[in-house]
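Examination of the molecular architecture
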Amino acid sequence: MTVYDAQYSLDEARVSNATVTICSRDVGSHFLSYSFSFLSEPLIGVPQYSVVGYVDDVPIIGYTSESGSAGPRAPWMERITDEEPQYWEESGETFEEVKEMLNDSLKDLMEQKNQPMGLHVFQTIAGCELRDDGTAKWVEQYAYDGSRNATLDQAVDTENRGNSEELIDCIQNLKYLLKYGEESLLRKVAPQTSVSQTKTGNHTFLIGYAYGFYPREIEVKWVRNNVEMPWKSSEILPNPDGTYQVRTTVEVQKGDDVSTYEYNVNHISLLETKAVMYGKYSPVRTVE
C-alpha cells in the first residue's frame, strides 16, 4: 500500500488506542480519510472492528462490527439518505470487504512477530487530500499495537496519475461530499484572542489564547521586537460548537517589559496577522 504525493512528504499521524488520525493538512485544502481498527479477539465494550470516515476533521460516517451497518455522523450527511439511499448499504459492503483484509493482515503480523495469542490491534488510515492549488495526495498509514509501521512516499504526476485509481476515486468522492457539507465545512470563522499573565516563583509567563476559529489550521507564535521567541503550545482542541481553540505560552525574560511581547495569530479567515499584546486590544479584519 502506497502514498502518492504530488509535492510534499507524508503528514505525521498520531496513533491512539482507538484510531490512527491525520493531524495536519495544508491550509485551504480538504481531506477525506477513513480510519479502520481491528482487534484480534473480542473485548468487552469495544467493537472488534470499527470504521470512522472524516471530511477534514469532521466525522461523517461510522460503522462497527456490532451494528453491521453504516450510518451518518454529521447532520448534513443525512441528506444523502433522501437523494441516494443506497449510499449507506454500499458503504457498509465496502467496509466489510476491508474488514477481511485487516483480519488477514493482523494474522500475518502476529505470525511475523511470533505473537500468535493474546489481544492485538491493527489500525490503518486511508484517504486523500485535495489542495487549494488543485494538486492531490493519497495517504495510507498503519499501526500495530500502537506503533507506526513503515510507509512508502512516492511522487506522482497529478496530470497523469498512472495507476493511482484510488486517488482519483477518492478525490471524486471528496468533491461529492463537500457538495453536501459545504455550508459547514467551507465556512471561515475568525479566532477570538486574549492574553493573560501569570507568575510562578520568579518566572513570569504570558499566555495567548485563540478560540472559536474554523477551520482547524492556525499559526500562532510569540514575537518580541520582530524576533520570534521560544514558546510552548497546547494541542488544538475542539469546542462543542465545532470550532477550535489553542493556547500558547511564552516566558518573559528577566528585565523585559511585557508590553514588548506580541502574540501573533494567522488564520485563513484573517486578512492580515493579528497581533495581540497584554492589556491591549487588537482590531480584527476578516475575510468576507
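These numbers come from a predicted model, not from an experiment.

So, the sheet that holds strand β14 (residues 219-224)
- Judged by pairing direction, the sheet is antiparallel, and its four strands sit side by side in the order β15-β14-β19-β20 without closing on themselves. Edge positions in the open sheet fall to β15 (227-228) and β20 (274-276), since each of these has one partner strand only.
- Here three bridges tie strand β19 (residues 261-266) to β20, and the two strands are oriented antiparallel to one another. In the strand pairing of β20, Asn264 is matched with Ala275.

Side note on helix α2 (residues 86-112)
- For α2, built from 27 residues, the straight-helix expectation of 39 Å at 1.5 Å per residue is met to within 8% by its first-to-last C-alpha distance of 40 Å.
- Listed as buried for α2 are Tyr87, Trp88, Ser91, Gly92, Phe95, Val98, Leu102, Asn103, Leu106, Leu109 and Met110.
- Of the residues one or two after α2, Asn114 is the one with positive phi, at around 55 degrees.

Examining the pairing of strand β9 (residues 136-144)
- A large share of β9 lies buried, amounting to nine of its nine residues.
- By the alternation rule, side chains of β9 split into Ala136, Trp138, Glu140, Tyr142 and Tyr144 and Lys137, Val139, Gln141 and Ala143, which are all buried.
- As judged from the nine bridges shared by strand β8 (residues 121-130) and β9, these two strands associate in the antiparallel manner. Across the sheet, Gln123 pairs through a bridge with Ala143, a residue of β9.
- From the end of β8 to the start of β9, which pair antiparallel, there are five residues, and Gly134 there has a positive phi angle of about 95 degrees.

Here's the deal with the pairing of β19
- Sheet analysis places β14 next to β19, joined by six bridges and oriented antiparallel. Of the residues in β19, the one forming a bridge with Val223 is Glu262.

Brief notes about unusual backbone geometry
- For the bond from Tyr214 to Pro215, the omega torsion is 5 degrees, close enough to zero to count as cis.
- Note on placement: Pro215 falls in the loop between β13 (203-213) and β14.
- Of note, the phi angle at Asn114 is positive, near 55 degrees, even though the residue is not glycine.
- Its location among the elements puts Asn114 in the loop between α2 and β8.
- You will see that Asn225, though not glycine, has its phi angle at about 50 degrees, which is positive.

Conventions used here
Residues numbered from 1 in each chain as written. Predicted model: local features only at pLDDT ≥ 70, side-chain atom pairs only at ≥ 80, totals over all residues. Heavy atoms only, no water. Pairing = 2+ DSSP bridges. Helix = DSSP H or I, 4+ residues; strand = E, 2+ residues; numbered from the N terminus. Expected span 1.5 Å × (residues − 1). Buried < 20%, exposed > 50% of the residue type's maximum accessible area, 1.4 Å probe, protein only.

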